[in-house]
Amino acid sequence: MIKTTHPEDSRNYLSIESDDGAALEGLSDADIIPAFKQHGALLFRGFRFDLEGLSRFTARFCSRFVRNESGRRSQVSADGTTQSVNLGTEPFPLHPELSRVPWRPDIAWFACARPPSLEGETLVCDGVRIAESLAGTTRSALQGRSVLYTEETPMGAFTDWLGIAPPDDEVLARLSAESPFRFQRRDGRIFRQFARAFLHRPLFCDQTAFGNFLLFARYMLGTQEFPTFEDGSIIPDEIADEIREVSDQLTVAHRWQSGDVLMLDNSRFLHGRNAVRDPAERQIWTQFGYAAFLEEDDPRLAEPWRYTDDALEIFFGPHARDLAAAARAV
Ligand SMILES: [Fe+2]
């Protein structure tokens, strides 16, 4: 029998549980998609699956998957779509997956192949709840503001990757027009930037949510410079601290059981983890994908990373090769 339990304060996800080891793949899309859109976080517990079955299941909801190249993950499936979580032991502050790049995936999947016997809980927090729980003055101060991610693009990305001479400002402007990044020259170096609303609209709900790289940057990496506000100014500590305090109150520490699968709307929910006692014991598989069930008129369907793994096209825009050829011909 399958039992569905609605979220409550101590559990901010909808729980769908089988008491007799039913096949995960036996669940219908109609059982899942409306619930996912409404709640943004689902836990499947007690279902039976193996790695291939899990991948067939997640592929019903994701049109493509993206790999997280950040270190200390191991490859679980041969195609690299399924990876382990980070294999270190340190606790991680709340973050959406890959929110520091334009191609943030829509859905974060976590499946527990082997639970830790102690600690190592995965933290789950609803960014909509964070946004609505901020002080009114903070929310007003953040209305209309964006977070800006600025990183250097080494000259080699243009010369080696695109095969062009070091670009002049005209070439940078043409690349910027089609890229999700804006390229800018500063002191002889080239930086790329992209911005996203500080309190943004998630994929499937009308309320705004907090969900970006700020908490990870401040409380894990100790940087104030990535992200900043859209004008390059530092986001004040008081704002970061308030968001941390509010989100701490709203965070659920999920204790894993073998076979648990979490499906998170990565545009709405943040995740993190408590310290891990024994990384060899904690086996959690992850997949990050783009939703296959956006409405036909959703403007996000124009985003190139939903259709291609071609890094050049994703990074520099769909006509990067044409632009590079034109730049070479000049
Ligand atoms: Fe993560």
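Described in the following lines is the structure provided in the data block. Quantities reported herein were computed from a predicted structural model and do not represent experimental measurements. (Residues numbered from 1 in each chain as written. Predicted model: local features only at pLDDT ≥ 70, side-chain atom pairs only at ≥ 80, totals over all residues.)

1. Concerning helix α2 (residues 51-59)
No. 1: Listed in full, the buried residues belonging to α2 are Leu 54, Ser 55, Phe 57 and Thr 58. Buried residues in α2, looked at end-on, bunch into an arc of 160 degrees, giving them a common side.
No. 2: Along its buried surface, α2 packs onto β4 (62-66), β7 (107-114) and β18 (283-291). (Buried ≥ 20, exposed ≤ 12 C-beta atoms within 10 Å, placed from the backbone. Helix = DSSP H or I, 4+ residues; strand = E, 2+ residues; numbered from the N terminus. Arc of directions from axis to C-beta. Contact = placed C-beta atoms within 7 Å.)

2. Describing the nonpolar core
No. 1: The biggest cluster of nonpolar side chains holds 61 residues, and the ones touching the most others in it are Leu 42, Ala 111, Met 263 and Leu 264.
No. 2: In terms of residues, this core owes the most to one element, β7, which gives six residues.
No. 3: Beyond its immediate sequence surroundings of up to four residues, Leu 264 is in contact with Ala 41, Ile 107, Ala 108, Val 124, Phe 269 and His 271.
No. 4: Counting residues in each nonpolar core, the second largest holds 13 residues, with Phe 158, Leu 162, Ala 320 and Ala 324 among its members. (Core = buried A, V, L, I, M, F, W, Y, C linked by C-beta atoms within 7 Å.)

3. Remarks on the sheet that holds strand β11 (residues 189-197)
No. 1: One open sheet holds the four strands; their spatial order is β10-β11-β9-β14, and the pairing between them is antiparallel. Across the chains shown, the open sheet's two edge strands, defined by having one partner strand only, are β10 (182-186) and β14 (228-229).
No. 2: When strand β9 (residues 146-152) meets β11, the two strands line up antiparallel, connected through seven bridges. Among the inter-strand pairings, Glu 151 is bridged to a residue of β11, identified as Arg 192. (Pairing = 2+ DSSP bridges.)

4. Quick look at the sheet that holds strand β15 (residues 252-254)
No. 1: Overall, antiparallel pairing links the four strands, which are arranged β6-β17-β8-β15 in an open sheet. A single partner strand is all that each edge strand has here, and the edge strands are β6 (92-95) and β15. Ignoring strand direction, the axes of neighbouring strands in this sheet form an average angle of 20 degrees. (Axes fitted to C-alpha atoms, helices over the stretch in contact; angles between N-to-C directions.)

5. Describing the pairing of β10
No. 1: Pairing analysis gives five bridges linking β10 to β11, with the strands arranged antiparallel. Residue Arg 185 lies in a different strand from β11, and its bridge partner there is Ile 190.
No. 2: With antiparallel pairing between neighbouring strands as the criterion, β10 and β11 make up a hairpin whose turn holds two residues, including Asp 187 at a positive phi of roughly 50 degrees.

6. Examining the environment of Arg 139
No. 1: Along the chain, Arg 139 turns up in helix α4 (residues 136-142).
No. 2: Residue class for Arg 139 comes out partly exposed when judged on the 16 C-beta atoms lying within 10 Å of it.
No. 3: Residues Arg 139 and Ile 16, 123 residues apart in the sequence, show an inter-C-alpha distance of 34 Å.
No. 4: If near-sequence neighbours (up to four positions away) are discounted, Arg 139 is found in contact with Ala 131 and Leu 134.

7. What to know about the environment of Arg 321
No. 1: Looking at the element boundaries, Arg 321 is found in helix α10 (residues 320-329).
No. 2: As a C-alpha pair, Arg 321 and Glu 8 span 313 residues in sequence and 51 Å in three-dimensional space.

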